[in-house]
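The lines below spell out each chain.
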Amino acid sequence: MTDVLTWTVERRPWLAERAELLRKELTEIDAEVARLEAAKVVFGQWAEATDGGRRPAGIVAPAGVGRCVKTDRPAEGSHDAVYQVRLPLSKRTIDLVAGSIRRRRNQLGTRWRKAAPGSQAVIVLAVLRHDQRLADMAGGNEVSASTVRRRVLEVIDLLSARAPRLDRALKKLARRGGVVVLLDGTLIRTRRRTGKEDRKNYSGKHKAHGLLFLALTDERGNLIWVSAAKPGRSSEITAARHAKITGHLREAGFGALADLGFVGLDEDPDDPVVITGRKATRNHRLTTAEKEADRLVSRERAAVEHGFANLKSWRIISKLRVNVRQATTLLRALLVLANTEVQR
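Treat the numbers as computed from the prediction; the structure is a model and nothing was measured. (Residues numbered from 1 in each chain as written. Predicted model: local features only at pLDDT ≥ 70, side-chain atom pairs only at ≥ 80, totals over all residues. Heavy atoms only, no water.)

Student: Would you mind going over the overall build of the chain in detail, with residue names and values included?
Tutor: Check the secondary structure of the chain and you find 12 helices and nine strands. Considering only contacts within the chain whose residues lie at least 6 apart along the sequence, 63% involve residues at least 24 apart. Here the chain displays about 21,300 Å² of accessible surface, and carbon together with sulfur accounts for 52% of that area. (Helix = DSSP H or I, 4+ residues; strand = E, 2+ residues; numbered from the N terminus. Contact = heavy atoms within 4.5 Å. Areas by Shrake-Rupley, 256 points an atom, 1.4 Å probe, with all protein chains shown as cover.)

Below is the structure:
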């Protein structure tokens, strides 16, 4: 009897400790069950909003610059979850677009528009900056895709009209004291065309379909002019001759630095306005002085890549889906936006 009583007294603390551990484990299990229930509810809302992931959620224009907001519930009367995305643009750029829209409406005498100039500006900039699909923007802003397309084309036309011509751009740069410009070309990729247009836009250099654009920048890399679009199979020197760049430069008293793709562009060796490096051939290797000259030209013209980088930060041109004329208008509109956003 004494052994049983001793065993019971010794076992009681162990049983109490065991019971406390079981209660803690049960509490953790209840919390895990609650989290799983919450996840089930959220997944059910997502499946209902996107039809089981078979269609994307709607996207609306951002409420403000530098702001990133997500709504937890779908809009009333809609089954789409609505998200707001970040628009990394300055207020000056939005004011420029909104002011252009407002002036255009005053010229036309438009009495009523559903969207205010600022709202239209933000929607258009979201399409140009992030390449948002028109259907996504339309669903999030309760308009049709054709309405968004019409607003985008209207703003592109307004901005492209502000892009300077080559002679005016050079005169403006001369008033600021500039004497040298940087010349380069780039290929903006496009979708593959069908029929006869297929090979015309194929660039053998880049092994891709696209349109060729030339650009002039100042010595700091600020864009001052963009040429009209040329088929991707065209060479840079041919596009420069078609735009008569050397004649405009000589008339304005400017010199230009260019890469080896423009060798032979300037036909006046006694008074050249386009300075390029020297090419090595099979029968002529570059001397030490010529190599050093090539390095100096490359170093001075490196800033032109900043201009193209600013232009290509607008993702609408990551792969164009428009014809040649519309592509030229689009690039010139983006030139105005890039210069408004970035000035070196």
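Once you've had a look at it, read on.
Student: Any details on the layout of surface pockets? Residues and values, ideally.
Tutor: As a volume, the largest pocket reaches approximately 470 Å³. In terms of lining, the largest pocket is formed by 19 residues, of which the most central are Val 152, Leu 153, Ile 156, Ile 316 and Val 322. With five residues, helix H5 (residues 145-160) is the single largest residue contributor to the lining of the largest pocket. A per-class count over the lining of the largest pocket returns 10 nonpolar, three polar and six charged. Of the volumes computed, that of the second largest pocket is approximately 370 Å³. Looking at the second largest pocket, it is lined by 16 residues, and the ones nearest its centre are Pro 164, Lys 172, Leu 223, Asn 339 and Gln 343. Among the elements of the structure, helix H6 (166-175), strand E6 (223-226) and helix H12 (324-341) are those that each provide at least two residues to the lining of the second largest pocket. Here the element with the most residues in the lining of the second largest pocket is H12; it accounts for four residues. Of the residues belonging to the lining of the second largest pocket, the class tally is eight nonpolar, four polar and four charged. (1 Å grid on protein atoms, 1.4 Å probe; cavity = no way out; pocket = protein on both sides within 12 Å on 5 of 7 lines; lining within 4 Å. Points joined across faces, edges and corners; volume = space filled by probe spheres on them. Nonpolar A, V, L, I, M, F, W, Y, C, P; charged D, E, K, R; others polar.)

Student: If you had to explain the packing of helix H2 (residues 91-108) against H12 to someone new, which residues and values would you point to?
Tutor: Their axes nearest at 8 Å, the elements H2 and H12 cross at an angle of 140 degrees. Judged by the sense of rotation from one axis to the other, the crossing of H2 with H12 is right-handed. Of the residues in H12, those in contact with Arg 92, Thr 93, Leu 96 and Val 97 of H2 are Val 336, Leu 337, Thr 340 and Glu 341. Tallied by class, residues from the contact of H2 with H12 come to four nonpolar, two polar and two charged. (Axes fitted to C-alpha atoms, helices over the stretch in contact; angles between N-to-C directions. Left-handed = near helix turned anticlockwise from the far one by under 90°.)

Student: Hey, could you go over the pattern of salt bridges for me, with residue numbers and the actual values?
Tutor: Summed over all chains, the structure comprises 11 salt bridges. Here Arg 278 and Glu 290 are joined by a salt bridge, their closest N and O atoms 3.3 Å apart. Here Arg 278, found in the loop between strand E9 (274-275) and helix H10 (288-300), pairs with Glu 290, found in helix H10; they are 12 residues apart in sequence, far enough to count as distant. On the accessibility criterion, Glu 290 (13% relative accessible area) is buried. (Salt bridge = Lys/Arg side-chain N within 4 Å of Asp/Glu carboxyl O. Buried < 20%, exposed > 50% of the residue type's maximum accessible area, 1.4 Å probe, protein only.)

Student: Got a sec to walk through the nonpolar core? Specific residues and values, please.
Tutor: If you look at the biggest cluster of nonpolar residues, it comprises 50 residues, and the most contacted ones within it are Leu 128, Trp 314, Ile 317 and Leu 334. With nine residues, the top contributor of residues to this core is H12. In this structure Ile 317 touches Ile 188, Arg 189, Leu 311, Lys 312, Leu 330, Leu 331 and Leu 334, once residues within four positions along its chain are discounted. Grouped together as the second largest cluster of nonpolar side chains are 23 residues, Leu 214, Ile 237, Ile 245 and Leu 249 included. (Core = buried A, V, L, I, M, F, W, Y, C linked by side-chain atoms within 4.5 Å.)

Student: Could you give an account of the side chain of Thr 93, naming the residues involved and the relevant values?
Tutor: Secondary-structure assignment places Thr 93 in helix H2. In this structure Thr 93 touches Leu 125, Leu 337, Thr 340 and Glu 341, once residues within four positions along its chain are discounted.

Student: Residues and numbers for the environment of Val 324, please.
Tutor: Residue placement: Val 324 occurs in helix H12. The class of Val 324 is partly exposed, set by a relative accessible area of 34%. Through-space distance from the C-alpha of Val 324 to that of Leu 211 is 7.7 Å; in sequence the pair is 113 residues apart. With residues near it in sequence (within four places) discarded, Val 324 still touches Leu 211 and Ala 229.

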